[in-house]
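Reading the structure
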Amino acid sequence: MRALTWHGKHDVRMETVPDPEILNPRDAIIKITSTAICGSDLHLYDAYIPTLEKGDILGHEFMGEVVDVGPKSTLKKGQRVVVPFTISCGSCFHCSKQQFSACENGNPAENQDLGQTLYGEPMSGLFGYTHLTGGYPGGQAEYVRVPFSDVGPIVIPDGMPDDDVLFLSDILPTGWMAAENAQIEPGDTVAIWGCGPVGLFAVQSAFKMGAHRVIAIDHFPHRLALAKRFGAETINYEETDTYEALMEMTGSIGPDAVIDAVGLEAHGFFADNVVDQIKASTFLGTDRPHALRQAIVACRKGGRVSIPGVYGGFVDKFPAGAMMEKGLQIRTGQTHVQKYLPQLLEMIGNGELDTTFLISHRLPLEQAVEGYKMFKNEQDTCTKVVLKPGLELA
Ligand SMILES: [Zn+2]
Ligand SMILES: [Zn+2]
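Everything numeric in this text was worked out from a predicted model, so none of it was measured.

**Notes on the overall build of the protein**
Looking only at helices and strands, the protein has 13 helices and 18 strands in total. Taken over C-alpha atoms, the radius of gyration comes to 20 Å for the protein, in line with the 21 Å a tight globule of 394 residues would show. Judged by the C-alpha coordinates and their principal axes, the protein covers about 60 × 50 × 45 Å. Evaluated residue by residue, the protein yields a buried proportion of 56% over its 394 residues. Counting contacts in the protein only where the partners sit at least 6 residues apart, residues at least 24 apart contribute 73% of the total. Here the protein displays about 16200 Å² of accessible surface, and carbon together with sulfur accounts for 52% of that area.

**Regarding the packing of aromatic side chains**
Following the criterion strictly, the structure yields six aromatic pairs and no others. Ring plane angle 80° and centroid distance 5.9 Å describe the contact between phenylalanine 201 and phenylalanine 357, whose orientation is recorded as edge-to-face. With a gap of 156 residues between them, phenylalanine 201 in helix α6 (residues 197-208) and phenylalanine 357 in the loop between α12 (337-349) and β17 (361-364) connect regions that are remote in the sequence. Through a chain of ring-to-ring contacts, the aromatic side chains of Phe167, Phe201, Phe230 and Phe357 assemble into a single cluster.

**Considering the packing of helix α5 (residues 171-181) against α12**
Across the interface, α5 lies against α12 with an axial gap of 10 Å and an inter-helix angle of 105°. One finds that α5 runs roughly perpendicular with respect to α12. For the pair α5 and α12, contact is made by Leu172, Pro173, Trp176, Met177 and Glu180 and by Val337, Lys339, Tyr340, Gln343, Leu344, Met347 and Ile348, respectively. Looking at the contact of α5 with α12, its residues break down into nine nonpolar, one polar and two charged.

**A few points about unusual backbone geometry**
With the exception of glycine, most residues fall at negative phi, and the peptide bonds are largely trans. We note that histidine 10 has phi near 60°; this positive angle belongs to a residue other than glycine. Note on placement: histidine 10 falls in the loop between β1 (2-8) and β2 (11-16). By relative accessible area, which is 41% here, histidine 10 ends up partly exposed. Phi at threonine 130 takes a positive value of approximately 75°, unusual for a residue other than glycine. On the secondary structure map, threonine 130 appears in the loop between β8 (125-126) and β9 (143-146). Taking the relative accessible area as the measure of exposure, threonine 130 reaches 3% and is therefore buried.

**Looking at the nonpolar core**
Ranked by size, the top nonpolar core spans 73 residues in total, and within it Ile156, Phe167 and Leu168 carry the most contacts. Broken down by element, the residue count for this core peaks at seven residues, all from α12. Taken domain by domain, the makeup of this core includes at least three residues from each of domain 1 (2-170 + 335-388) and domain 2 (175-332). For phenylalanine 167, the residues in contact, after removing those within four places along its chain, are Ala36, Leu172, Pro173, Phe201, Thr355, Leu358, Ile359, Lys384 and Val386.

**Quick notes on the domain arrangement of the protein**
Reports often express the size of an interface as the amount of accessible area lost when the parts come together. You can read the domains of the protein as domain 1 (2-170 + 335-388) and domain 2 (175-332). Once you take the C-alpha centre of each, domain 1 and domain 2 turn out to be 26 Å apart. Of the roughly 2300 Å² buried at the junction of domain 1 and domain 2 (both faces included), carbon and sulfur atoms supply 63%. Between glutamate 180 and lysine 339 there is a salt bridge, and its shortest N-O distance comes to 3.8 Å. For the interface between domain 1 and domain 2, the tally reads six residue pairs in polar contact (both at pLDDT 80 or more). Contributions of two or more residues to the side of domain 1 that touches domain 2 are made by α1 (39-45), α3 (112-119) and α12. Of the residues belonging to the side of domain 1 that touches domain 2, the class tally is 13 nonpolar, eight polar and six charged.

**A look at the coordination of the zinc ion (ligand 1)**
Protein-derived ligands of the zinc ion (ligand 1) are Cys38 (SG), His60 (NE2), Glu61 (OE) and Asp170 (OD), with the metal-ligand distances lying across 1.9 to 2.2 Å. Because the angles between the four donor atoms bound to the zinc ion (ligand 1) fall within 90 to 135°, the donor set is best described as tetrahedral. In primary-sequence terms, the residues that donate to the zinc ion (ligand 1) follow C-x21-H-E-x108-D. Judged by relative accessible area, which is 2%, histidine 60 ranks as buried.

**What to know about the side chain of serine 169**
By secondary structure assignment, the location of serine 169 is in the loop between α4 (162-165) and α5. Judged by its relative accessible area of 0%, serine 169 is buried. Of the polar contacts made by the side chain of serine 169, one reaches the backbone oxygen of leucine 166; its length is 2.8 Å.

Conventions used here
- In this convention, every chain numbers its residues from 1, walking through the sequence in written order.
- For this description, chains carry letters from A and ligands carry numbers from 1, given in the order in which they are written.
- The predicted nature of this model means local features are confined to residues of pLDDT at least 70 and side-chain atom pairs, given and counted, to a pLDDT of 80 or more, with totals for whole chains, interfaces and linings taken over all residues.
- Side-chain figures throughout are based on the complete set of non-hydrogen atoms in the structure, without hydrogens or water.
- Numbered from the N terminus, helices here are DSSP runs of H or I no shorter than four residues, and strands are runs of E no shorter than two.
- The atom set for the radius of gyration is the C-alpha atoms, and the globule formula is 2.2 Å times the number of residues raised to the power 0.38.
- Partly exposed residues are those whose accessible area sits between 20% and 50% of the maximum for their type, while under 20% is buried and over 50% is exposed, using a 1.4 Å probe and protein chains only.
- Contacts are residue-level and defined by heavy atoms, with any inter-residue pair within 4.5 Å sufficient.
- Here the accessible surface of atoms and residues is derived via Shrake-Rupley with a 1.4 Å probe, and residues count as covered only by protein chains that are part of the display.
- Stacked, tilted and edge-to-face pairs are distinguished by plane angle, under 30 degrees for stacked and over 60 for edge-to-face with tilted covering the rest, among Phe, Tyr and Trp rings (Trp via its six-membered ring) whose centres lie within 6.5 Å.
- Lines are fitted to the C-alpha atoms to define the axes, a helix being fitted only along its stretch in contact, and any angle between axes, read from their N-to-C directions, falls within 0 to 180 degrees.
- Throughout this description, any angle smaller than 35 degrees is read as roughly parallel, any larger than 145 degrees as roughly antiparallel, any in the 65 to 115 degree range as roughly perpendicular, and the remainder as oblique.
- The classification used treats Ala, Val, Leu, Ile, Met, Phe, Trp, Tyr, Cys and Pro as nonpolar, Asp, Glu, Lys and Arg as charged, and all other residues, Gly among them, as polar.
- What makes a nonpolar core is a set of buried Ala, Val, Leu, Ile, Met, Phe, Trp, Tyr and Cys residues whose side-chain atoms join them at distances within 4.5 Å.
- The domain boundaries here were taken from an automatic or database domain assignment.
- Summed over both partners, the accessible surface that disappears when two parts come together, traced with a 1.4 Å probe, is what is meant by buried area.
- Any carboxyl oxygen of Asp or Glu within 4 Å of a side-chain nitrogen of Lys or Arg constitutes a salt bridge here.
- Polar contacts here mean pairs of N or O atoms no more than 3.5 Å apart (in protein, one a potential hydrogen donor and the other a potential acceptor; neighbouring residues in sequence count only if both atoms are side-chain atoms).
- Only nitrogen, oxygen and sulfur atoms within 2.8 Å of the metal, or 3.2 Å for Na, K and Ca, are treated as donors, and water is left out, so sites may look incomplete.
- Angular criteria define each label, namely tetrahedral for four donors with all angles between 85 and 135 degrees, square planar for four and octahedral for six donors with opposite donors over 155 degrees apart and remaining angles between 65 and 115, and irregular for whatever fails these tests.

Okay, here's the thing in structure tokens:
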């Protein structure tokens, strides 16, 4: 089959690789019909995260048609499914608490020791996301093997187009969980750093959960315009001082809840950010958390901090004092995708959530390399690239 493989920093290639096969009784093989490039794939593209190997197949946002099943899969050939990016067994201690992304059994990898050292626990299993998370081949390919296929994938009713439901695989439930983690109460003001896909879904989700005002912060005009379309007020941090603007907008109290939908690659030319870049390049610190620092400092006393943005290592100058003295509550984590799928699928079906607005480019899978370049270099207008095997360009 054809697949997008990683070979080093800014070096991904379309290659012919062996087809996946059923390895375990609960496996299914999915023929991919749509797969997206994620902002967190750019962390791999930029080689920020260790333990990728040359030839690894990327991609954790995908859907398709069931073409083969093991004897213990509950799926049937011909069904259309969206597959969560988290690989979860459904029956361990954490899965039974619906904390699917903390599954004990999703990651049998040889690199568990590294996760154990870094985090005190091995990471759970994820598709297409390094050998720290199991080394599972991803879905930017013609076919993919899905372990625990009786637990993860959600069957899509006939008549719902791929473009409506593809983002159930990651960014929609991630934006939703980000808003849920912000513990929004009716009337709240919520500030969201980052108007990428997760931030934009968090904007919609926050309003659904009763937020009175949502303030979206970014520097890309097109992305800020999308946030505005869903009712957010906006701050362009290149034109305005974010902290001062937030204080002015909230009567000097600060937002009730703040969401960092940026993560480890926050960029910009702030003094602390420049220091972070020097530290990252000299291995004195690994993550660049400008947005998180600002969010914690701006949040009102007794407020809530939600962190869907991905961090992988260590953070320097973390404002622990502000966190403690202001009595902030912090919630974070990889998304428990499976927990949210039925509810979100229903909301898409009812027209309560808009998902397709995000797709700026649809490309054949064969043009995945161009897709990565575009997503990396044209972040203002290239909001989401969806790859479709066999797509003929008009
Ligand atoms: Zn993703
Ligand atoms: Zn489990």
